[in-house]
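Observations on chain architecture
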Amino acid sequence: MDDSFIVTAYCIISDTLSQLGHQTHSLAKVGDAEVLTVAVVAAKFFGNHQERALCVMVKAGYIRSLSVSRYNRRVHALTAWLEGVLSILGQLFTHQQVFVIDSIPLPVCKR
């Protein structure tokens, strides 16, 4: 597994979901962006074996503990979002260089 791929994919998925107005349920302990990131990592590194990817990512500390059955329910509920996110990630990673510009400037202290 590639750490930079996982972190980049999570950041892009999280930002995309927030920009499109998606909100994770308030009682969920694991966010929807994390669930979709596991699905993307399973497709990239584990031959689309979802359970193995989930177990490895939980053991490696990428996400908090989530049961396999709960993960499956969450992924099936997010299938429409997964299709859109995969197309965005595919477009971004095929160009080999991606530049993300932060739209929120930080205040600068003057002395």
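Up top is the structure.
Summary of the structure given here. (Residues numbered from 1 in each chain as written. Predicted model: local features only at pLDDT ≥ 70, side-chain atom pairs only at ≥ 80, totals over all residues. Heavy atoms only, no water.)

1. Some thoughts on the environment of H49
Position of H49 relative to the elements: it lies in the loop between helix 2 (32–45) and helix 3 (50–60). Placed 10 residues apart in sequence, H49 and A39 show a C-alpha to C-alpha distance of 8.8 Å. (Helix = DSSP H or I, 4+ residues; strand = E, 2+ residues; numbered from the N terminus.)

2. Details of the nonpolar core
I13, V35, L36, V38, Y71 and L89 are the most contacted members of the largest nonpolar core, which has 27 residues in total. In contact with V35, not counting residues within four places along its chain, are V30, L66, Y71, R74, V75 and L78. (Core = buried A, V, L, I, M, F, W, Y, C linked by side-chain atoms within 4.5 Å. Buried < 20%, exposed > 50% of the residue type's maximum accessible area, 1.4 Å probe, protein only. Contact = heavy atoms within 4.5 Å.)

3. Re the side chain of T16
Along the polypeptide, T16 turns up in helix 1 (residues 3–19). Owing to a relative accessible area of 16%, T16 belongs among the buried residues under this scheme. Reaching out from T16, the side chain makes a polar contact with the backbone oxygen of I12 at a distance of 2.6 Å. (Polar contact = N/O pair within 3.5 Å; in protein donor to acceptor, adjacent residues only side chain to side chain.)

4. As for the environment of N48
Positionally, N48 belongs in the loop between helix 2 and helix 3. Here the alpha-carbon distance between N48 and V38, two residues 10 residues apart in the chain, equals 10.0 Å. Aside from chain neighbours lying at most four places away, what touches N48 is A42 and A43. Within the local environment of N48, its side chain forms a polar contact with the side chain of Q50, the two groups lying 3.0 Å apart.

5. Description of the packing of aromatic side chains
Taken as a whole, this structure holds one aromatic pair when the rule is applied. Aromatic pair F5 and F45: ring centres 5.5 Å apart, planes at 85°, arrangement edge-to-face. With F5 in helix 1 and F45 in helix 2, this residue pair connects regions lying 40 residues apart in the sequence. With relative accessibility at 11%, the residue F5 sits in the buried group. F45 sits in the partly exposed class, given a relative accessible area of 30%. (Phe/Tyr/Trp six-rings, centres within 6.5 Å; stacked < 30°, edge-to-face > 60°.)

6. Considerations on the packing of helix 1 against helix 2
Put simply, helix 1 and helix 2 touch, their axes get as near as 9 Å, and they point 135° apart. In terms of axis orientation, helix 1 runs oblique to helix 2. Where helix 1 crosses over helix 2, the handedness of that crossing is right-handed. Residues F5, I6, Y10, I13, S14 and L17 of helix 1 form the contact with helix 2, whose participating residues are D32, A33, E34, L36, T37, V40, V41, K44 and F45. (Axes fitted to C-alpha atoms, helices over the stretch in contact; angles between N-to-C directions. Parallel < 35°, antiparallel > 145°, perpendicular 65-115°, else oblique. Left-handed = near helix turned anticlockwise from the far one by under 90°.)

7. As for helix 1
Given a rise of 1.5 Å per residue, 17 residues ought to cover 24 Å, and the 24 Å separating the end C-alpha atoms of helix 1 matches this to within 8%. Where helix 1 terminates, the next one or two residues include G21, which has phi positive at roughly 85°. (Expected span 1.5 Å × (residues − 1).)

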